[in-house]
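# Close look at the chain arrangement
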Amino acid sequence: MGYKDNDVRLMDFLNQLIKWSVRLLAILMVFVIIMGVVDVGWTLYEKLLAAPKYILTISDMLATFGAFMAVLIAIEIFINITIYLRDNVIHVKIVIATALMAIARKVIILDLETTPAEYLWGMALIVVAMSVAYWVVQRYGSEEGGH
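Residue positions are counted from 1 within each chain, in the order its sequence is given. Given that this is a predicted model, residues contribute local features only at a pLDDT of at least 70 and side-chain atom pairs are listed and counted only at 80 or more, while totals for whole chains, interfaces and linings are drawn from all residues. Hydrogens are left out, water is left out, and the side-chain values use all remaining heavy atoms of the structure.

### A short note on a nonpolar patch on the surface
Our working definition: Only residues whose relative accessible area exceeds 30% and that form no salt bridge are eligible for patches; like-charged ones are grouped when within 9 Å, while nonpolar side chains (Val, Leu, Ile, Met, Phe, Trp, Tyr) are grouped when within 5 Å. Residue exposure ignores everything except the shown protein chains as possible cover, and the areas themselves are Shrake-Rupley values with a 1.4 Å probe. Salt bridge, as applied in this entry: a Lys or Arg side-chain nitrogen positioned within 4 Å of an Asp or Glu carboxyl oxygen. Only DSSP runs of H or I with at least four residues qualify as helices, and only runs of E with at least two residues qualify as strands; both kinds are numbered from the N terminus onward. Partly exposed residues are those whose accessible area sits between 20% and 50% of the maximum for their type, while under 20% is buried and over 50% is exposed, using a 1.4 Å probe and protein chains only.
Taken together, the side chains of Val-30, Phe-31, Val-32, Ile-34, Met-35 and Val-38 present a nonpolar region at the surface, about 530 Å² in accessible area. Relative to the helices and strands, Val-38 resides in helix α1 (residues 3-49). Since its relative accessible area comes to 47%, Val-38 is described here as partly exposed.

### Some remarks on the pattern of salt bridges
According to the stated counting rule, one finds two salt bridges in the structure shown. Residue Asp-60 is joined to Lys-47 by a salt bridge in which the shortest nitrogen-to-oxygen separation is 3.7 Å. With Asp-60 in helix α2 (residues 58-87) and Lys-47 in helix α1, the pair connects residues that are 13 residues apart, well separated along the chain. Given the relative accessible area of 13%, Asp-60 is considered buried. With a shortest N-O distance of 2.9 Å, Asp-87 and Arg-86 are connected by a salt bridge. Residue Arg-86 is classed as exposed on the basis of its relative accessible area, which comes to 61%.

### Quick look at the packing of aromatic side chains
To keep it simple, the criterion reads: Paired rings are identified among Phe, Tyr and Trp, the last through its six-membered ring, by centres lying within 6.5 Å, and are further divided according to the angle between planes into stacked (under 30 degrees), edge-to-face (over 60) and tilted (the rest). Note on geometry: a ring has a charge over it if NZ (lysine) or CZ (arginine) is within 6 Å of the ring centre and within 35 degrees of the ring normal.
Within the structure shown, the criterion is met by two aromatic pairs. Relative to Tyr-45, the ring of Trp-42 lies with its centre 5.4 Å away and its plane at 35°, an arrangement referred to as tilted. Taken together, the residues span about one helical turn, with Trp-42 and Tyr-45 both in helix α1 at a distance of three residues. In this structure Trp-42 comes out as partly exposed when scored by relative accessible area, which is 49%. Look at Trp-135 and Tyr-140: their rings are 6.0 Å apart centre to centre, the planes differ by 90°, and that puts the pair in the edge-to-face class. Lying over the aromatic face of Trp-20, Arg-23 brings its terminal NZ or CZ to 4.6 Å of the ring centre.

### Regarding the side chain of Thr-98
Filter applied, for reference: Whenever a nitrogen or oxygen atom comes within 3.5 Å of another N or O atom, the pair is scored as a polar contact, on the condition that within protein one atom can donate a hydrogen and the other can accept it, and that pairs from neighbouring residues in sequence are kept only if both atoms are in side chains.
Checked against the element boundaries, Thr-98 lands in helix α3 (residues 92-108). Classification of Thr-98 as buried rests on a relative accessible area of 8%. In this structure the side chain of Thr-98 is engaged in a polar contact, spanning 2.9 Å, whose partner is the backbone oxygen of Ile-94.

### Considering the nonpolar core
The criterion, for reference: Side-chain atoms within 4.5 Å are what join buried Ala, Val, Leu, Ile, Met, Phe, Trp, Tyr and Cys residues into a set we call a nonpolar core. Contacts are assigned to residue pairs that have any heavy atoms within 4.5 Å of one another.
Val-22, Ala-26, Met-29, Ile-33, Val-40, Ala-67, Val-71, Ala-74 and Ile-81 form the largest nonpolar core, which has nine residues in total. Of all elements in the fold, only α1 and α2 reach the threshold of two or more residues within this core. Counting residues per element, this core draws most heavily on α1, which supplies five residues. With near-sequence residues (within four places) excluded, Ile-81 lies in contact with Val-22, Leu-25, Ala-26 and Met-29.

As structure tokens, this is what we get:
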């Protein structure tokens, strides 16, 4: 047994450890998604029972949309994890799409009355940069969508 055999065994062990860690992350993400759905339901329930009853104000709807989007982002992250487990590759296109969804959530729940202009310009720049990145990966990426 030489150093090469020990290196191969060590790398195999470490790769298996990473695979089990990613599996654990997938299980934890499912828990987060379930708790997020419960939170959306509870938030909606509370908003509907607050005065005026059975009416959602614009701010109530924005809060609900934000909660929905957070759950959808968690689902996208879960999909990223499962694809990584299946293919052992991080698919850049899916990661960028998840980032676009996250920034869209931020834009949707943004309070334009209190947000400074610099922050809006920064958000606009991020949206444009992520959109261009998605377009580049979509147009010039590999068939598999990997890196």
